[in-house]
2 protein chains.
Amino acid sequence: MSGKKPSQTIVIDWKPDKQSKIPLYSQIVSYFSEKVASGDWVSGQIIPSQRNLSELFGVNRSTIVEAMDELSALGIIESGFGRGTRIANDSWSLLMRDKAPDWQDYIRGGSFHSNVPTVQIINRMEFEPGIIRMSTGELSPDLMQTEITSEVLKRLSTQNVFMNYPDQMGMPGLRSALQEHLRRIGIDVPLSCILIVSGALQALQLISTGIVKAKATVYVEEPSYLASMNIFQSVGAVLKGIPMDSNGISYWMIQEQKIVPQHSLLYTIPTFQNPTGGVMPMSRRVELLNYCRNAHIPIIEDDVLRDLWLEEEPPLPIKSLDQNGVVVYTGSLSKCFSPGLRLGWLVGPESVVRRLADVKMQMDYGVSVLTQQVGEELFRSGLYYEAVDETRQKLRERRDWMLQLLERYFSDLADWDKPAGGFFIWVRLRNRASAEQLFSRALKERLLILPGSVYDNMGCSSAIRLTYGYLSAGEMERGVRRLSELLREMERAQHGIYPQK
Amino acid sequence: MSGKKPSQTIVIDWKPDKQSKIPLYSQIVSYFSEKVASGDWVSGQIIPSQRNLSELFGVNRSTIVEAMDELSALGIIESGFGRGTRIANDSWSLLMRDKAPDWQDYIRGGSFHSNVPTVQIINRMEFEPGIIRMSTGELSPDLMQTEITSEVLKRLSTQNVFMNYPDQMGMPGLRSALQEHLRRIGIDVPLSCILIVSGALQALQLISTGIVKAKATVYVEEPSYLASMNIFQSVGAVLKGIPMDSNGISYWMIQEQKIVPQHSLLYTIPTFQNPTGGVMPMSRRVELLNYCRNAHIPIIEDDVLRDLWLEEEPPLPIKSLDQNGVVVYTGSLSKCFSPGLRLGWLVGPESVVRRLADVKMQMDYGVSVLTQQVGEELFRSGLYYEAVDETRQKLRERRDWMLQLLERYFSDLADWDKPAGGFFIWVRLRNRASAEQLFSRALKERLLILPGSVYDNMGCSSAIRLTYGYLSAGEMERGVRRLSELLREMERAQHGIYPQK
């Protein structure tokens with residue numbers, strides 16, 4: 001608004017454009033709306049007579065009548081009772097109130113499901129200061145080999161950096177470096193079967209929109225990382241949890257369910273499973289592949305934690321056994337080297353890879369070529385292997401420390417297995433303690449944990465996933481101790497015993 | 001297969017696992033299948049009697065009967081006619097044939113539409129050697145400021161590179177650098193309204209899955225870049241082309257269509273439109289915003305080419321006029337600096353940005369932090385502005401050269417406008433020449449152009465989009481000359497005049 005007291009009658013210094021294809025009356029309505037919206041004209045100001053307007057605008061009376069009718073209907077002007085036509089009382093706020101699109105309605109209309117509330121909270125809280133992130137599924141900065149990344153960047157800066165759009169399958173140099181990398185773990189495929197993606201999560205996202213039918217069943221381990229996301233649900237597929245025994249997914253229970261749906265898939269993390277940390281032995285891998293091959297159920301094998309083994313190398317991937325194109329395999333740098341780089345790969349039958357590459361081109365035109373060039377250099381030079389080797393040493397210490405702490409503070413409260421790799425410990429609380437309740441209590445003290453309910457809606461709500469990859473020794477101790485105290489408080493409250501003053 | 005002649009009778013050196021939860025008969029079936037699939041056992045080999053099997057496997061006769069029944073039903077074994085039970089004739093090929101999942105069926109089932117065939121061809125062909133890419137919507141390597149990227153990488157390599165998962169909205173440093181950048185073009189928003197994405201295409205992808213309802217109408221310019229993609233169609237929305245006049249989209253024709261659908265959106269590229277190269281003057285921007293505000297139609301403003309102005313700065317973005325959260329704005333580094341970096345940004349109402357950030361977290365966990373750090377350094381240091389300045393000089397020469405060539409070879413064949421920025425020239429062929437036909441002919445000579453039909457299914461098939469950002473002077477000349485020759489050949493053929501021997 002101009003600040004000075006407006007004159008009684010509005011001042012018109014504009015004419016509609018007769019050459020325009022926009023109807024004249026419509027131009028006049030727009031002009032009035034804008035003047036009011038901008039605050040140039042305010043409530044109560046008088047509008048010249050229709051005859052005057054007709055002259056001022058240089059248009060027919062009928063055009064003015066049409067415009068005034070619409071302005072009146074919109075509530076922008078009001079007339080009558082001997083006071084002449086004026087800018088209406090609530091015109092400005094009315095214009096303002098109605099102007100913004102009803103975004104909530106748009107947001108509700110989108111097909112992609114929102115993250116589950118717990119995950120949304122965690123995603124937000126993780127970046128707040130002073131939080132102890134016992135939930136975070138990544139290495140801490142000091143476990144990552146930053147100097148190696150710096151070294152790679154220095155090397156790149158002296159080369160002619162490629163800056164154009166990448167090939168839709170990914171840069172050939174990186175793909176052939178990965179081909180070598182994959183051979184080390186028994187996966188021997190032509191380049192045409194390797195697609196570069198920005199992390200394994202994107203691989204899943206491409207699979208969900210590229211090859212999954214609405215209402216398809218996706219079998220997952222119970223509990224499974226995938227249950228914490230809405231990727232497959234967002235395209236109308238249904239996740240179905242299959243229980244695990246100590247060797248991994250009990251695939252034979254798929255059959256026992258007497259459902260043989262068309263277009264089903266099976267998602268598994270056979271190595272250092274997320275969230276349980278378990279490893280599927282080779283025998284179960286063979287059996288699972290055999291079963292899925294016979295049942296015509298494609299397997300999605302998520303193998304992002306493989307290189308973080310702590311005692312001995314895990315069994316070869318299921319994909320290494322796959323002679324029939326049953327398995328779509330995905331790996332990445334995120335867990336073992338750097339999540340921020342956003343570099344992953346997908347290996348599958350050529351037809352599937354081609355299809356997913358096409359979808360990817362329509363989603364984001366491919367992975368950052370900078371990231372891809374860093375990836376190529378890491379694998380070609382062998383720096384990647386040096387880096388994970390270094391990381392493993394440090395990670396082993398942290399795991400052992402976390403196990404000591406659990407032994408000290410949780411031995412009467414929970415059960416857990418010693419993880420052979422990765423950085424997750426699946427802590428199963430005794431006495432039916434509620435993981436959700438513990439999550440809420442811990443959150444209040446700026447302690448983030450992941451309640452099992454996020455991974456499994458079928459009764460695992462007495463487990464929590466702790467991670468030892470992100471915390472310092474001190475934070476770990478404070479966190480574990482405080483969690484055990486909270487748990488004891490919860491137990492006492494449940495039994496009606498209140499803490500003494 | 002082992003290579004040596006197999007013995008008559010199969011050799012069994014395995015027992016089912018009685019501790020396993022997998023039914024014994026099922027384990028036996030798996031064992032047989034694998035032995036045949038691996039080639040260890042071949043057609044014609046004799047299977048021991050049921051009594052012997054029962055002993056060898058240490059299981060009941062009834063279990064053997066059950067297993068043999070299933071193996072027989074699967075066609076893996078065949079029995080009878082006094083020859084005993086044997087591995088069946090076609091067992092191996094039968095196992096193999098049936099083993100791969102029917103991937104074509106999965107591919108057909110995916111919700112994301114495939115790229116239109118012409119675009120698929122172009123995406124593939126662009127990376128083949130010896131192709132003249134008159135279609136490519138990006139700067140050529142020698143127009144990009146590679147030294148600046150090298151300089152930035154060198155600077156990063158001496159810092160402590162951030163390597164963890166990024167904040168879900170993007171890295172704070174980059175976002176505040178972008179806030180400054182946006183202020184230069186009249187967009188003044190809080191940080192909470194800025195989301196980092198991997199290119200404007202991903203912004204569109206997030207919008208389509210995050211806030212677009214199935215069956216929503218998306219109004220687009222006719223022709224429009226968006227029509228060449230299946231982003232919105234893949235979530236069930238419908239693109240509706242609105243004709244343009246020389247000032248851009250004729251928004252009033254939306255109303256004339258007498259459709260006032262709920263949940264519609266309008267997508268526009270007001271500055272150096274893709275594919276026509278046109279610029280919407282400020283007056284039309286004001287009118288369009290006013291119209292959409294009143295009609296409650298959110299605007300998606302795609303502004304990726306802005307910084308490639310060649311004569312004078314274009315009008316401010318529509319978003320700079322937006323007081324009511326009507327406009328979701330997107331920009332990127334792809335067109336003006338480097339497409340390979342994959343860095344873009346989205347600016348919109350906070351609720352929308354929060355929603356799209358959540359969707360993005362479920363799709364790919366955010367943009368490469370390396371890319372983000374490069375972006376921050378580019379904007380903070382001002383190197384970005386130096387780079388585009390340099391690029392503009394060179395690009396102007398190329399545009400002028402392309403215009404000269406068109407004048408020389410196409411003056412009697414087509415019409416076009418001089419682009420004021422960007423790198424597209426929209427060449428409207430005369431005499432109803434078919435752009436599709438020209439595309440096919442040119443393709444045979446390894447000359448890639450983009451036929452107008454890709455951008456518009458409503459009759460623009462007599463136009464082609466040429467680009468002057470990617471080709472060298474020589475390639476440009478060869479390409480334009482050859483295209484004009486092909487066009488003349490097509491015309492002669494149409495009139496029954498064949499080239500003379």
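Please read these numbers as outputs of a predicted model, since none were measured by experiment.

**Q** Looking at this structure, I do not really get the overall build of chain A. What am I missing?
**A** Of the regular secondary structure elements, chain A holds 16 helices and 16 strands. Computed over C-alpha atoms, the radius of gyration of chain A comes to 31 Å, more than 25% over the 23 Å expected from 2.2 N^0.38 for 501 residues, which places it beyond the range of a compact globule. Overall, the C-alpha framework of chain A stretches about 90 × 70 × 55 Å when taken along its three principal axes. Taking all 501 residues of chain A together, the buried fraction comes to 59%. Residue pairs at least 24 apart in sequence account for 72% of intrachain contacts in chain A once pairs closer than 6 positions are excluded. By element, 49% of the accessible surface of chain A is carried by carbon and sulfur atoms, the whole surface being about 19,700 Å². When the 55 positive and 57 negative side-chain charges of chain A are each reduced to one mean point, those points stand 5 Å apart.

**Q** Please clarify how the relation of the copies chain A and chain B should be interpreted in this entry.
**A** For the pair of chain copies, the relating operation is a rotation around an axis with a shift along it. The operation relating chain A to chain B is a screw motion whose rotation component is 180 degrees, with 0.1 Å of axial translation and a residual RMSD of 0.1 Å. This pairing of chains is accounted for by a two-fold axis. When the interface residues of chain A are mapped onto chain B, 99% of them again lie at the interface, so the same face is used by both copies.

**Q** Sorry if this is basic, but what is going on with the environment of Ala 433 of chain B here?
**A** Residue and element names in this part refer to chain B. Of note, Ala 433 is situated in the loop between strand 13 (424-429) and helix 15 (435-444). Here Ala 433 falls in the buried class, since its relative accessible area comes to 8%. For the pair formed by Ala 433 and Glu 491, sequence separation is 58 residues and the distance between their alpha carbons is 7.6 Å. If near-sequence neighbours (up to four positions away) are discounted, Ala 433 is found in contact with Ser 461, Ser 462 and Leu 487.

**Q** Even after reading the chapter, I still don't get the sheet that holds strand 7 (residues 248-249) of chain B, so can you show me in this structure?
**A** In any sheet, the strands associate via hydrogen bonds between backbone groups, in a parallel or an antiparallel arrangement. Residue and element names in this part refer to chain B. Across the sheet, 8 strands lie side by side as 4-11-10-9-8-5-6-7; this open sheet has mixed pairing. What marks the edges here is a single partner per strand, and that holds for strand 4 (194-197) and strand 7. Each of strand 6 (238-245), strand 7, strand 8 (265-268), strand 9 (299-302) and strand 10 (327-332) is contacted by helix 11 (residues 282-295), which is oriented at about 150 degrees to strand 9, the strand it contacts most.

**Q** Would you mind showing me how to read the side chain of Gln 205 of chain A here?
**A** Positionally, Gln 205 of chain A belongs in helix 9 (residues 200-211). Excluding its chain neighbours within four sequence positions, the residues that come into contact with Gln 205 of chain A are Phe 112, Ile 231 and Met 363 of chain A together with Met 363 of chain B.

**Q** What is the right way to look at the side chain of Glu 126 of chain A in this model?
**A** Topologically, Glu 126 of chain A is positioned in the loop between helix 6 (117-125) and strand 3 (132-133). Contact partners of Glu 126 of chain A, with chain neighbours within four places excluded, come to Arg 133, Ser 135, Thr 136 and Leu 448 of chain A.

**Q** How should I be thinking about the environment of Ser 440 of chain B in this particular structure?
**A** Tracing the sequence through the fold places Ser 440 of chain B in helix 15. For the pair Ser 440 of chain B and Gln 373 of chain B, spaced 67 residues apart in sequence, the C-alpha to C-alpha distance is 43 Å.

**Q** Is there a simple way to explain the nonpolar core in this structure?
**A** One broad rule of soluble globular proteins: the nonpolar side chains tend to lie buried together. Counting 193 residues, the largest nonpolar core has Leu 378, Phe 410 and Leu 483 of chain A together with Leu 378, Phe 410, Val 427 and Leu 483 of chain B as the members making the most contacts within it. Ignoring any residue separated from it by four or fewer positions in sequence, one finds Phe 410 of chain B in contact with Leu 405, Trp 416, Val 427, Leu 429, Val 480, Leu 483, Ser 484 and Leu 487 of chain B.

**Q** How should helix 9 of chain A be read in this particular structure?
**A** Quick reminder: α-helices carry 3.6 residues per turn. Residues three or four places apart thus point the same way. Residues and elements named next belong to chain A. With 12 residues, helix 9 should reach 16 Å at 1.5 Å per residue; the first-to-last C-alpha distance of 16 Å fits that figure. For helix 9, the tally of buried residues reaches 12 of 12 residues, placing the bulk of the element in the interior. For helix 9, the complete set of buried residues consists of Ala 200, Leu 201, Gln 202, Ala 203, Leu 204, Gln 205, Leu 206, Ile 207, Ser 208, Thr 209, Gly 210 and Ile 211.

**Q** What should I look at first to understand the state of the cysteines in this one?
**A** Working definition: the covalent bond between the sulfur atoms of two cysteines is a disulfide. All names here are of chain B. A full pass over the atoms with the stated rule returns 0 disulfides over all chains. Summary of cysteine pairing: Cys 193 is not part of a disulfide, and the nearest cysteine sulfur, belonging to Cys 292, is at 19 Å. The class of Cys 193 is buried, set by a relative accessible area of 9%.

**Q** Honestly, the pattern of salt bridges in this entry has me stumped. Any pointers?
**A** Note on pairing: side chains with opposite charge can pair once their charged atoms come close. For the structure shown, the criterion picks out 52 salt bridges over all chains. With a closest N to O distance of 2.7 Å, Glu 377 of chain B and Arg 155 of chain B form a salt bridge. Highlighted residues: Glu 377 of chain B in helix 13 (residues 369-381) and Arg 155 of chain B in helix 7 (residues 146-157), separated in sequence by 222 residues. Judged by relative accessible area, which is 16%, Glu 377 of chain B ranks as buried. On the accessibility criterion, Arg 155 of chain B (29% relative accessible area) is partly exposed. In this structure, a network of salt bridges that share partners links the residues Glu 445, Arg 482, Glu 485 and Glu 489 of chain A.

**Q** How should I be thinking about the sheet that holds strand 15 (residues 450-451) of chain A in this particular structure?
**A** Residues and elements named next belong to chain A. Strand order in the open sheet formed by 4 strands is 12-13-16-15, with antiparallel pairing between adjacent strands. With partners counted over all chains shown, the strands left at the sheet margins are strand 12 (414-415) and strand 15, one partner each. Against the sheet, helix 14 (residues 383-410) engages strand 12, strand 13 (424-429) and strand 16 (463-467), with an angle of about 10 degrees to strand 13.

**Q** Would you mind going over the interface of chain A and chain B with me for this structure?
**A** Where interface size is quoted, it is often the accessible area lost as the parts come together. Across the boundary between the two partners, chain A contributes 110 residues, which contact 109 residues of chain B. Roughly 9,500 Å² is buried in total at the junction of chain A and chain B, and carbon and sulfur atoms are behind 57% of that figure. Three residues stand out in chain A for area buried against chain B, namely Tyr 106, Met 163 and Gln 362 of chain A, and they jointly supply 9% of the buried area on that side. Counting across the chain A and chain B interface gives 0 salt bridges. Linking chain A with chain B are 48 residue pairs in polar contact (both at pLDDT 80 or more).

**Q** Please explain the pairing of strand 13 of chain A as it appears in this structure.
**A** A regular strand carries its side chains on alternate faces of the sheet. Residues and elements named next belong to chain A. For strand 13, the buried fraction is high: 5 of the 6 residues fall into the buried class. Here 2 bridges tie strand 12 to strand 13, and the two strands are oriented antiparallel to one another. Bridged to Asp 415 within strand 13 is Arg 428. As paired elements, strand 13 and strand 16 share 5 bridges and run antiparallel to each other. Following the sheet pairing, Val 427 is matched in strand 16 by Ile 464.

**Q** Would you explain the packing of helix 2 (residues 50-57) of chain B against helix 3 (residues 61-73) of chain B in this entry?
**A** Think of two packed helices as two axes; the pair is described by the angle between the axes and how far apart they sit. Residue and element names in this part refer to chain B. The N-to-C vectors of helix 2 and helix 3 enclose an angle of 110 degrees; their axes lie 9 Å apart at closest approach. As judged from the angle between their axes, helix 2 and helix 3 are roughly perpendicular. For helix 2 against helix 3, the interelement crossing comes out right-handed. Contacts between helix 2 and helix 3 involve Gln 50, Arg 51, Leu 53, Ser 54 and Phe 57 from the first element and Arg 61, Ile 64, Val 65 and Met 68 from the second.

**Q** Honestly, unusual backbone geometry in this entry has me stumped. Any pointers?
**A** Leave glycine aside and you will find that most residues have negative phi; peptide bonds, for their part, are mostly trans. Cis geometry marks the peptide bond from Glu 222 of chain B to Pro 223 of chain B, where omega comes out at 5 degrees. Within the secondary structure, Pro 223 of chain B is located in the loop between strand 5 (217-222) and strand 6. Pro 275 of chain B follows Asn 274 of chain B through a cis peptide bond whose omega is 15 degrees. With respect to the helices and strands, Pro 275 of chain B occurs in the loop between strand 8 and helix 11. Despite not being glycine, Asn 431 of chain A has its phi angle at roughly 60 degrees, a positive value.

**Q** Would you take a moment to explain the confidence of the model for chain A for this structure?
**A** Where the model shows low pLDDT, its predicted coordinates should not be examined in detail. All names here are of chain A. Summarising the model, chain A shows a mean pLDDT of 89, and 92% of its residues fall at 70 or more. Predicted confidence is poor over residues 1-6, with pLDDT under 50, and the contacts of this stretch with residues over four places away or in other chains come to 5 contacts. Under the prediction, the complex receives an ipTM of 0.82, its pTM being 0.83.

**Q** Even after reading the chapter, I still don't get the packing of aromatic side chains, so can you show me in this structure?
**A** Each aromatic ring pair is summarised here by two numbers: the centre-to-centre distance and the angle between the ring planes. Tallied over the full model, the rule gives 34 aromatic pairs over all chains. Ring geometry for Tyr 31 of chain A against Trp 41 of chain A: centres 5.3 Å apart, planes inclined by 90 degrees, an arrangement best described as edge-to-face. Of this pair, Tyr 31 of chain A sits in helix 1 (residues 24-37) while Trp 41 of chain A is found in the loop between helix 1 and helix 2 (50-57), placing the two residues 10 residues apart along the sequence. Comparing Tyr 31 of chain A with Trp 41 of chain A, the two get one shared label, buried. Ring geometry for Phe 379 of chain A versus Tyr 384 of chain A: centroids 4.9 Å apart, planes at 45 degrees, classification tilted. An aromatic cluster is defined as three or more aromatic residues linked by ring pairs; in this entry it consists of Trp 14, Tyr 31, Phe 32, Trp 41 and Phe 57 of chain A. Seen from the ring of Phe 127 of chain A, Arg 133 of chain A lies directly overhead, with NZ or CZ sitting 5.5 Å from the centre. Sitting over the ring of Tyr 385 of chain B, Arg 184 of chain B keeps its end group 3.7 Å from the ring centre.

**Q** Even after reading the chapter, I still don't get the packing of helix 13 of chain B against helix 14 (residues 383-410) of chain B, so can you show me in this structure?
**A** Residues and elements named next belong to chain B. Axis separation between helix 13 and helix 14 bottoms out at 4 Å; the angle between their running directions is 80 degrees. Relative to helix 14, the element helix 13 is oriented roughly perpendicular. Contacts from Leu 378, Phe 379 and Ser 381 of helix 13 reach helix 14 at Leu 383, Tyr 384 and Tyr 385. When grouped by side-chain class, the residues that make up the contact of helix 13 with helix 14 number 5 nonpolar, 1 polar and no charged.

Criteria and thresholds
Residues numbered from 1 in each chain as written. Chains lettered and ligands numbered in written order. Predicted model: local features only at pLDDT ≥ 70, side-chain atom pairs only at ≥ 80, totals over all residues. Heavy atoms only, no water. Helix = DSSP H or I, 4+ residues; strand = E, 2+ residues; numbered from the N terminus. Rg over C-alpha atoms; globule rule 2.2 N^0.38 Å. Buried < 20%, exposed > 50% of the residue type's maximum accessible area, 1.4 Å probe, protein only. Contact = heavy atoms within 4.5 Å. Areas by Shrake-Rupley, 256 points an atom, 1.4 Å probe, with all protein chains shown as cover. Lys, Arg positive; Asp, Glu negative; His and termini not counted. Charge placed at Lys NZ, Arg CZ, Asp CG, Glu CD. Least-squares fit on C-alpha atoms with pLDDT ≥ 70 in both. Pairing = 2+ DSSP bridges. Axes fitted to C-alpha atoms, helices over the stretch in contact; angles between N-to-C directions. Core = buried A, V, L, I, M, F, W, Y, C linked by side-chain atoms within 4.5 Å. Expected span 1.5 Å × (residues − 1). Disulfide = S-S within 2.5 Å. Salt bridge = Lys/Arg side-chain N within 4 Å of Asp/Glu carboxyl O. Buried area = accessible area lost by both parts, 1.4 Å probe. Polar contact = N/O pair within 3.5 Å; in protein donor to acceptor, adjacent residues only side chain to side chain. Parallel < 35°, antiparallel > 145°, perpendicular 65-115°, else oblique. Left-handed = near helix turned anticlockwise from the far one by under 90°. pLDDT = per-residue confidence, 0-100. Phe/Tyr/Trp six-rings, centres within 6.5 Å; stacked < 30°, edge-to-face > 60°. Lys NZ or Arg CZ within 6 Å of the ring centre and 35° of its normal. Nonpolar A, V, L, I, M, F, W, Y, C, P; charged D, E, K, R; others polar.

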